[in-house]
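Report on the structure
So you can see what is in the structure, the chains are spelled out below.
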Amino acid sequence: MTAFKLPESVLVVIYTPALDVLLIQRADVADFWQSVTGSKDHVDESFEQTARREVFEETALDCREGAALQPHLHDWGLENVYEIYPRWRHRYAPGVVLNTEHLFSLEVPASTPVRLNPDEHTHYQWLPYAQAAERCFSPSNAEACLMLPRLAKRKEVS
């Protein structure tokens, strides 16, 4: 672990076959709804490892190596670079203002139970992808929700 957060993170859109998206409410900011997100723990951690770890830590959904959901994590091969919100810049090294976010999705059965980490998130909801996009605080998260139908279909073909 580094003293500062690394400016490399993942965004994982968790969804059902009906394209309902899981949104989770942050514990530290009222009315901040998002998909699973998180930074690499160390520079050698791959984005895929980060995605699998963060999904498990935040929702208890297990897509780690050997788990039933492992093959359902899909790397979109897309990244967003965005300015880190000023309220969270103190977590990063001095002068770091940009973050690179790598996009993933995870398809789960509609009945899959979610167990939140109460230190990070207080509530969750499943919403149709377009409604989820409207509810997301982050513009990159909203865009990812809207891309879901196209990218989920592409995954089925590949």
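This text goes with the structure placed above it.
What you see is a predicted model; the values in this text were computed from it and never measured.

**Focus on the overall build of the protein**
Helices and strands together make up the secondary structure of the protein, namely three helices and seven strands. Along the protein, helices and strands appear, N-terminal first, in the series β-β-β-β-α-β-β-β-α-α. For a compact globule of 158 residues, the expected C-alpha radius of gyration is about 15 Å, and the protein comes in at 15 Å, within 12% of that figure. Per-residue burial for the protein yields a buried fraction of 47% across its 158 residues. Pairs at least 24 residues apart make up 67% of the contacts formed inside the protein by residues separated by at least 6 positions. Counting every atom, the protein has about 8,200 Å² of accessible surface; 54% of that belongs to carbon and sulfur.

**Thoughts on the packing of aromatic side chains**
For the structure shown, the criterion picks out four aromatic pairs. Taking 5.7 Å as the distance between ring centres and 80° as the angle between the ring planes, the aromatic pair formed by F32 and W88 counts as edge-to-face. Linking F32 in the loop between β2 (20-26) and β3 (33-34) with W88 in the loop between β5 (73-83) and β6 (98-107), this pair joins segments that are 56 residues apart in sequence. Here F32 falls in the buried class, since its relative accessible area comes to 4%. An angle of 55° between the planes, with centres 5.6 Å apart, marks the rings of Y85 and F137 as tilted. Residue Y85 is found in the loop between β5 and β6, and its partner F137 is found in the loop between α2 (129-135) and α3 (139-157); the two are separated by 52 residues along the sequence. According to the relative accessible area criterion, Y85 is partly exposed, its value standing at 30%.

**Notes on the nonpolar core**
Of all hydrophobic cores here, the largest spans 20 residues; its most connected members are V21, L23, W76 and L148. Here the element with the most residues in this core is α3; it accounts for seven residues. Beyond its immediate chain neighbours, meaning those up to four positions away, L23 contacts W33, Q34, S35, H123, Y124, Q125, L127, A132, R135 and C136. In this structure, V36, A51, L69 and L106 belong to the second largest nonpolar core, which totals 18 residues.

**Some thoughts on the pattern of salt bridges**
According to the stated counting rule, one finds twelve salt bridges in the structure shown. Linking D41 and R53 is a salt bridge whose minimum nitrogen-to-oxygen distance equals 3.4 Å. Remark: R53 occurs in helix α1 (residues 47-59) and D41 occurs in the loop between β4 (36-39) and α1; sequence separation between them is twelve residues. Ionic pairing is found between R53 and E57, a salt bridge with its closest N-O pair at 3.4 Å. Linking R53 with E57, this pair stays in helix α1, spanning four residues, or about one helical turn. Its relative accessible area of 14% is what places R53 among the buried residues. Judged by relative accessible area, E57 falls into the partly exposed class, the value being 33%.

**A few points about the environment of K40**
Structurally, the position occupied by K40 is in the loop between β4 and α1. For the pair formed by K40 and L146, sequence separation is 106 residues and the distance between their alpha carbons is 25 Å. A distance of 3.3 Å separates the side chain of K40 from the backbone oxygen of E45, its partner in a polar contact.

**Some points on the environment of T16**
Assignment of secondary structure puts T16 in the loop between β1 (8-15) and β2. Residue T16 is classed as buried on the basis of its relative accessible area, which comes to 4%. A C-alpha to C-alpha distance of 8.5 Å links T16 and L106, two positions 90 residues apart in sequence. If sequence neighbours within four positions are ignored, T16 has contacts with E107, V108, P109, A110 and W126.

Reading the values: rules and limits
Residues numbered from 1 in each chain as written. Predicted model: local features only at pLDDT ≥ 70, side-chain atom pairs only at ≥ 80, totals over all residues. Heavy atoms only, no water. Helix = DSSP H or I, 4+ residues; strand = E, 2+ residues; numbered from the N terminus. Rg over C-alpha atoms; globule rule 2.2 N^0.38 Å. Buried < 20%, exposed > 50% of the residue type's maximum accessible area, 1.4 Å probe, protein only. Contact = heavy atoms within 4.5 Å. Areas by Shrake-Rupley, 256 points an atom, 1.4 Å probe, with all protein chains shown as cover. Phe/Tyr/Trp six-rings, centres within 6.5 Å; stacked < 30°, edge-to-face > 60°. Core = buried A, V, L, I, M, F, W, Y, C linked by side-chain atoms within 4.5 Å. Salt bridge = Lys/Arg side-chain N within 4 Å of Asp/Glu carboxyl O. Polar contact = N/O pair within 3.5 Å; in protein donor to acceptor, adjacent residues only side chain to side chain.

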